Amino acid sequence: MSGTAVVSPSSNEGQGQMTSRTPRGFSRIGFAGIAAAAATLVAVAVAPTAAYAEIPGVDEIASSDNLTQLANVPKSAAFNSLNSDLAFQGKYAFSGNYNGFVIYDISTPSAPAVVTEVLCPGGQNDISVLGNLLFLSTDAPRSDDSCTSTASSASVKEAWEGIKIFDISDKAAPKYIKSVETSCGSHTHTLIPGDTVAYLYVSSYSPSSSYPDCAPPHDSISIVKVPLATPTDASVLAEPNLFPDGGNPGGNGSSTTSGCHDITAYPAKKIAAGACMGDGILLDISDPEQPVVTERVRDLTNFAFWHSASFNNAGTKVIFTDELGGGGTAECNPTTGPNRGADAVYDLAGGELTFKSYFKIPRENAMTENCVAHNGSIIPAMGRDILVQAWYQGGISVWDFTDSANPVELGYWERGPLSTTTPITGGSWSAYYYNGHIYSNDIAKGFDVLKLDDPRTNSAKAIRFAGLNVQTQPDYPVCDTVLRDASRGVTAKTGVTCIDGGTISGKVEVSKGATLLAYKATVAGSVRVTGGGTFSLVDSSVAGNVWADELKQVLVSGNRISGDLDVHDTSGTVVISGNTIAGSLECEYNKVAPINDGVKNTVDHREKGACYAL
């Protein structure tokens, strides 16, 4: 809660209208000067989901047919402040709240259970997890760094803001082990993991000459270095200046840059995208201790406050969000229009960002509902770029930006206003996809779990993450080939082969170095995957044996296998769950013990090795 290429609005814009126009407010900021853009840009494409004629009533739920609420866990009395961000690890979800954080067991998504609540006030308490460590951001001056502190003022030198670190090796009893004070506090933070150390890029902004620990200029971030073996030695490593020229001066239709609001790192690509009030930036993080700004863009027409960023999985597109009104005002209405308080989609090629379109939810919200683009994550569907995103009281939207010039909504879910007479802050702060479900942290209503059932997105179930911190974007195999039918068998020797609901009239063989992802496949023969890559087989039918040998990661879930299932010599995670196996189940020489996620397999013959009793 609380960027640069854009188009000028026309006087007859309507919510959901698709237009193109010559940009007035777009610029790319070079480091030797400013170059004006001269392309014609395309505005938001409206979703095909029909906008309803009336705004839903108080607490009434409205949704597209493909999104269904499975569960809601209301906030407890102790957590009567605002819910904030989410993080995930294994079967746990970690929910930030201005009063602390809550850990949920989500092993049964339809019945999430509270494991523990930790009272530790200090907004926003944005949250991330790595191994046995949990990190919290405090961006509200406190009397000290304890979890019993009281509110203070940034004008008080002794006031504390920054990062708190917890040991969560016992999920039922987290221990507060370290604090690190940072300049101007920590509004958000971005985790960049390493083998022996982790780095936190701490974003903060809005300095003042009356703040002894946050005086202008504040054109920097703080980098906190955390030795993983001795996290109590965590400290501020550096405070690199990202805007030597002072950044966007403001007074030009956009915010004055005085720091960053949020940074999303993509460690696999060694890049990051920063949303920094009046500027959108790209960073080279090849050396995480010395990030380098490589590209900067501005939007002086439609972006009031660059809030957050997301990459597509290929790293060829970036979505920036505009948090017009700071998240507390009604911006989803015809008065504001379709291009402000929206998302901007950029193509990324050769290190340069090129604006392509805007996206905004095509439904009108009440003037009592705070509504604007906010936090979201990628849904790892095969061959598509899809985002699920929170819009506060605008609810949750799932939208496709595979065609970056023509984004389109695939589904939505929302509650009606908290009040029809008085503006009350509420709605989804963060909505993220994690291992088959959408999880939302609603500011007022608590923790929601949604099921997304759509043929355009269901293939995402073939991708499984060990954990998720959305500002540390994970990578997953990018489909080189997507098959939906094959009249003969399939032989893959290189790249990533994806089968999305296809019928394969023969056997499937995947050689060393190649990867296979299959969702709802019907295979008329055996499946053999050998050497080096990832193998996912989900909700499929195999008329033969399945062999997986010497792989990095294996997910075999919800399948009907008429022969044996053998998994050997896997170096990473092995999940075998909910399968019906007519033959034997054998697991040997895997470095990590196979698990079934609490969903047992049905095996007609013997279970052998580490898969015994799965």
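The rules behind the values
- Residues numbered from 1 in each chain as written.
- Predicted model: local features only at pLDDT ≥ 70, side-chain atom pairs only at ≥ 80, totals over all residues.
- Heavy atoms only, no water.
- 1 Å grid on protein atoms, 1.4 Å probe; cavity = no way out; pocket = protein on both sides within 12 Å on 5 of 7 lines; lining within 4 Å.
- Points joined across faces, edges and corners; volume = space filled by probe spheres on them.
- Helix = DSSP H or I, 4+ residues; strand = E, 2+ residues; numbered from the N terminus.
- Nonpolar A, V, L, I, M, F, W, Y, C, P; charged D, E, K, R; others polar.
- Salt bridge = Lys/Arg side-chain N within 4 Å of Asp/Glu carboxyl O.
- Buried < 20%, exposed > 50% of the residue type's maximum accessible area, 1.4 Å probe, protein only.
- Disulfide = S-S within 2.5 Å.
- Pairing = 2+ DSSP bridges.
- Axes fitted to C-alpha atoms, helices over the stretch in contact; angles between N-to-C directions.
- Core = buried A, V, L, I, M, F, W, Y, C linked by side-chain atoms within 4.5 Å.
- Contact = heavy atoms within 4.5 Å.
- Phe/Tyr/Trp six-rings, centres within 6.5 Å; stacked < 30°, edge-to-face > 60°.

Tell me about the layout of surface pockets, and name the residues and values.
Taken as a whole, the largest pocket holds about 950 Å³ of empty space. Around the largest pocket, the lining is made up of 34 residues, and of these Phe465, Ala466, Gly467, Pro474 and Asp475 lie nearest the centre. At the level of elements, strand S7 (83–89), strand S11 (124–130), strand S15 (188–193), strand S34 (467–468) and strand S42 (534–538) are the ones that each hand at least two residues to the lining of the largest pocket. Looking at the lining of the largest pocket residue by residue, the class counts come to 17 nonpolar, 12 polar and five charged. When its volume is computed, the second largest pocket comes out at roughly 710 Å³. Along the walls of the second largest pocket sit 27 residues, with Asn435, His437, Arg464, Ser557 and Asp597 positioned nearest its centre. Among the secondary structure elements, those contributing two or more residues to the lining of the second largest pocket are strand S32 (437–442), strand S33 (446–452), strand S45 (553–557) and strand S48 (574–577). In terms of residue class, the lining of the second largest pocket is built from 11 nonpolar, 10 polar and six charged.

Account for the pattern of salt bridges, with residues named and values stated.
Summed over all chains, the structure comprises 19 salt bridges. Close ionic contact of aspartate 400 with arginine 384 constitutes a salt bridge, the shortest N to O distance being 3.3 Å. One end of the pair, aspartate 400, is in strand S29 (residues 396–400); the other, arginine 384, is in the loop between strand S27 (376–379) and strand S28 (386–390), with 16 residues separating them in the sequence. For aspartate 400, a relative accessible area of 8% translates into the label buried. The shortest N-O distance in the salt bridge between glutamate 509 and lysine 507 comes to 3.1 Å. A single salt-bridge network, built from bridges that share partners, covers Asp245, Asp279, Arg296 and Arg298.

Give a description of the state of the cysteines that names residues and reports values.
Under the counting rule described, the total for this entry stands at six disulfides. Shown here is the disulfide that connects cysteine 184 with cysteine 214, its sulfur atoms set 1.9 Å apart. With the S-S bond torsion at 100°, the cross-link from cysteine 184 to cysteine 214 turns out right-handed. Taken together, the residues cysteine 184 in the loop between strand S14 (175–181) and S15 and cysteine 214 in the loop between strand S16 (197–203) and strand S17 (222–227) connect sequence positions 30 residues apart. Note on cysteine connectivity: cysteine 260 is disulfide-linked to cysteine 276, with sulfurs 2.0 Å apart. Measuring handedness by torsion sign, the sulfur bridge of cysteine 260 and cysteine 276 sits at about 75° and is right-handed. Taken together, the positions of cysteine 260 in the loop between strand S18 (235–238) and strand S19 (262–266) and cysteine 276 in strand S20 (residues 271–276) put the pair 16 residues apart, joining distant regions of the chain. Judged by its relative accessible area of 1%, cysteine 260 falls in the buried class. Regarding the disulfides, the protein chain carries the connectivity 1-2, 3-4, 5-6, 7-8, 9-10, 11-12 under sequence-order numbering of its bonded cysteines.

So, the sheet that holds strand S47 (residues 565–568): which residues are in play, and what are the values?
Strand order in the open sheet formed by seven strands is S36-S38-S41-S44-S47-S50-S52, with parallel pairing between adjacent strands. Either end of the sheet is taken by a strand with one partner, and the two such strands are strand S36 (490–492) and strand S52 (607–609). Here the average twist between neighbouring strands, direction ignored, is 5°. Note that strand S41 (residues 527–530) and strand S44 (residues 546–549) share four bridges and pair parallel. The residue bridging threonine 530 from the neighbouring strand is aspartate 549, located in S44.

Describe in detail the nonpolar core, supporting the description with residues and values.
With 41 residues, the main nonpolar core has Phe88, Ile106, Tyr439 and Phe447 as its most contacted residues. Sorting the residues of this core by element identifies strand S6 (67–73), S7, strand S9 (100–105), strand S31 (428–434), S33, strand S37 (496–504) and strand S39 (515–519) as the ones contributing at least two each. In contact with phenylalanine 88, not counting residues within four places along its chain, are Ala93, Phe94, Ile106, Val129, Tyr432, Tyr434, Tyr439, Gly467 and Leu468. Counting residues in each nonpolar core, the second largest holds 34 residues, with Ala514, Leu537, Val554 and Val603 among its members.

I'd love a proper account of the environment of phenylalanine 320, names of residues and values included.
Structurally, phenylalanine 320 can be placed in strand S24 (residues 317–322). Taking relative accessible area as the criterion, phenylalanine 320 reaches 0% and is therefore assigned buried. Separated by 62 residues in the primary sequence, phenylalanine 320 and serine 258 place their C-alpha atoms 18 Å from one another.

Can you lay out the packing of aromatic side chains for me, pointing to particular residues and giving the numbers?
Within the structure shown, the criterion is met by 20 aromatic pairs. With a centroid separation of 5.0 Å and 25° between ring planes, the pair formed by phenylalanine 166 and tyrosine 176 is classed as stacked. With phenylalanine 166 in strand S13 (residues 160–167) and tyrosine 176 in strand S14, this residue pair connects regions lying 10 residues apart in the sequence. Assessed through its relative accessible area of 2%, phenylalanine 166 is described here as buried.

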